[in-house]
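Here are the chains, one letter per residue:
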Amino acid sequence: MAATSLPIAPAPAVYAGLPLPDIYARVARHVPAIEWPALADDVAAILELKKARNAVILAHNYQAPEIFHTVADIVGDSLALAREAVTVDADVIVLAGVHFMAETAKLLNPGKTVLIPDMAAGCSLADSITAADVRGLREKYPGVPIVTYVNTSAAVKAESDLCCTSGNAVDVVRSLNAPRVLMIPDEFLAQNVQALVPEVEILTWAGHCEVHELFTPADIHAVRESYPGVTVIAHPECPPDVVAEADFSGSTAMMMNFVTEKRPRQVVLVTECSMGDNIAAANPDIEFIKPCNLCPHMKRMSLKNIRRALETLTHEVTVEPELADRARLAVERMLAVRPR
């Protein structure tokens, strides 16, 4: 899926009495009308601030609908946001996501101001490995290329050969033409890639996403019992036994493409909850069944702190230049990999 806002129908006349009715129409299924006036005040302010600051908002697919469908200029998965960050025409970039995404945007836009509305928006995967850990792996496995998931700090990227996302991990591993590859830090993503690239031995690190590691095959069995014929789509950060029970597995962008192209009557997205909400807003004819799990870090983003970030130009994300040069190279090598 391209990193652009999803198409939404014009506002029905029933919303005419509400502020910003055309924008409210995009989130009416998820935001009660009684709550909208308070949110609309922040939306209107953000839209004006973006013009005044020459700013754009990049929002990850896990953002809540009131951010994703109202103020975001570019939406997508980590790979799409990284690609778009290279060419964005703005002085200020606000990253509605987590800290490593803001760092990646800064790496690719060293001359621009990159803001994250809440510095505490972290990531369990990013926290699971350090630059010292990567140096230790290089000593333990000399000559083995290191592929680092983008869900890591700039310091970890700087110690790696190149990066990957869940959307391009298979292509990145194959691009190396190596018999062994270290793929860090997401153990489950590495194991799921291993199943698709049996010709390469993939060495792993025991890092996990706190959202996706909670899912079990029993969750899928229970949903299939209650909703016969339901389509199950799992993110590759889920454990391999969960992915094996799904009908399809892919990055958040791949999930969106699958749903909008295949149009299953009922679907379960085995991932972060806002994914289903955001796709449902544009596909009212498709029924989205839970389970899902919330990412507490993504949910630190709000219209209020995005507005405050633009008003005060905080919190600015910086990366030390020498480290940034090495980390940027790993990201650029990833962006140069094309599907085979």
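Above this note sits the structure.
The paragraphs below set out a description of the structure included in this document. All values derive from a computational prediction rather than experimental measurement.

Turning our attention to the overall build of the protein chain. Secondary structure summary: the protein chain contains 16 helices and twelve strands in total. Over its C-alpha trace the protein chain gives a radius of gyration of 20 Å, about what one expects of a compact globule, namely 20 Å for 340 residues. Its C-alpha atoms put the protein chain at 65 × 50 × 30 Å along the principal axes. Here the protein chain, with 340 residues, has 57% of them falling under the buried criterion. Considering only contacts within the protein chain whose residues lie at least 6 apart along the sequence, 60% involve residues at least 24 apart. Accessible area for the protein chain stands at about 13900 Å²; split by element, carbon and sulfur atoms hold 54% of it.

The next subject is the environment of Lys106. Structurally, Lys106 is set in helix α5 (residues 99–108). Taking the relative accessible area as the measure of exposure, Lys106 reaches 12% and is therefore buried. Considered as a pair, Lys106 and Leu162 are 56 residues apart in the sequence and their alpha carbons are 17 Å apart. Non-local contacts of Lys106, meaning those with residues more than four positions away in its chain, are made with Lys112, Val114, Val317 and Val319. In terms of polar contacts, Lys106 uses its side chain to reach the backbone carbonyl oxygen of Pro110, at 3.1 Å.

With that out of the way, let us pick up the sheet that holds strand β11 (residues 266–270). In space, the four strands of this open sheet follow the order β10-β9-β11-β12, with parallel pairing throughout. Either end of the sheet is taken by a strand with one partner, and the two such strands are β10 (248–249) and β12 (287–289). Inspection of the sheet shows strand β9 (residues 231–234) paired to β10 by two bridges, in the parallel sense. For Ile233, the partnering residue across the bridge sits in β10 and is Phe248. Where helix α13 (residues 252–262) meets the sheet, its contacts fall on β9, β10, β11 and β12, and the angle it forms with β9 comes to roughly 160 degrees.

Note that the residue after Ile184, namely Pro185, is joined by a cis bond; omega there is -5 degrees. Even without a glycine there, the phi angle at Arg263 is positive, about 50 degrees. Mapped onto the elements, Arg263 comes out in the loop between α13 and β11. The exposure class of Arg263 is partly exposed, given its relative accessible area of 37%.

Strand order in the open sheet formed by four strands is β6-β5-β7-β8, and the pairing between neighbours is parallel. Each edge of the open sheet is held by one strand with a lone partner, namely β6 (162–164) and β8 (201–203). If you compare each strand with its neighbour and ignore which way they point, the axes differ by 35 degrees on average. Here three bridges tie strand β7 (residues 180–184) to β8, and the two strands are oriented parallel to one another. Looking across to β8, one finds that Arg180 is bridged to Glu201. Each of β5 (146–149), β7 and β8 touches helix α10 (residues 187–196); the most contacted strand, β8, lies at about 180 degrees to it.

Attention now moves to the pattern of salt bridges. One pass over the structure, following the stated rule, counts 17 salt bridges. Its salt-bridge partner being Arg307, residue Asp42 comes within 2.8 Å of it at the nearest N-O pair. In this pair, Asp42 sits in helix α2 (residues 36–53) while Arg307 sits in helix α15 (residues 303–312), placing the two residues 265 residues apart along the sequence. Residue Asp42 is classed as buried on the basis of its relative accessible area of 3%. Here Lys51 makes a salt bridge to Glu48, at a shortest N to O gap of 3.8 Å. Here Lys51 pairs with Glu48, and both are found in helix α2, just three residues apart, close to one helical turn. Here Lys51 falls in the exposed class, since its relative accessible area comes to 65%.

A few words now on the packing of aromatic side chains. All chains considered together, the criterion is met by three aromatic pairs. A ring pair is formed by Tyr24 and Trp36, whose centres lie 5.3 Å apart and whose planes are at 45 degrees; its orientation type is tilted. With Tyr24 in helix α1 (residues 21–27) and Trp36 in helix α2, this residue pair connects regions lying twelve residues apart in the sequence. Of the two residues examined, Tyr24 and Trp36, each falls in the buried class. Taking the centre distance of 4.7 Å and the plane angle of 20 degrees together, the rings of Phe248 and Phe258 count as stacked. Of this pair, Phe248 sits in strand β10 while Phe258 is found in helix α13, placing the two residues ten residues apart along the sequence. Each member of the aromatic cluster is reached from another via a ring pair, and the members are Tyr15, Tyr24 and Trp36.

In this section: the nonpolar core. Membership of the largest hydrophobic core comes to 100 residues, with the highest contact counts inside it found for Trp36, Met183, Val193 and Met334. Here Val193 is in contact with Ala169, Val170, Val173, Met183 and Ile202, once residues within four sequence places are set aside. If you look at the next biggest cluster of nonpolar residues, it comprises 13 residues, including Ile220, Val243, Val268 and Ile289.

Rules used throughout
Residues numbered from 1 in each chain as written. Predicted model: local features only at pLDDT ≥ 70, side-chain atom pairs only at ≥ 80, totals over all residues. Heavy atoms only, no water. Helix = DSSP H or I, 4+ residues; strand = E, 2+ residues; numbered from the N terminus. Rg over C-alpha atoms; globule rule 2.2 N^0.38 Å. Buried < 20%, exposed > 50% of the residue type's maximum accessible area, 1.4 Å probe, protein only. Contact = heavy atoms within 4.5 Å. Areas by Shrake-Rupley, 256 points an atom, 1.4 Å probe, with all protein chains shown as cover. Polar contact = N/O pair within 3.5 Å; in protein donor to acceptor, adjacent residues only side chain to side chain. Pairing = 2+ DSSP bridges. Axes fitted to C-alpha atoms, helices over the stretch in contact; angles between N-to-C directions. Salt bridge = Lys/Arg side-chain N within 4 Å of Asp/Glu carboxyl O. Phe/Tyr/Trp six-rings, centres within 6.5 Å; stacked < 30°, edge-to-face > 60°. Core = buried A, V, L, I, M, F, W, Y, C linked by side-chain atoms within 4.5 Å.

The values are spatial; any link to function lies outside them.
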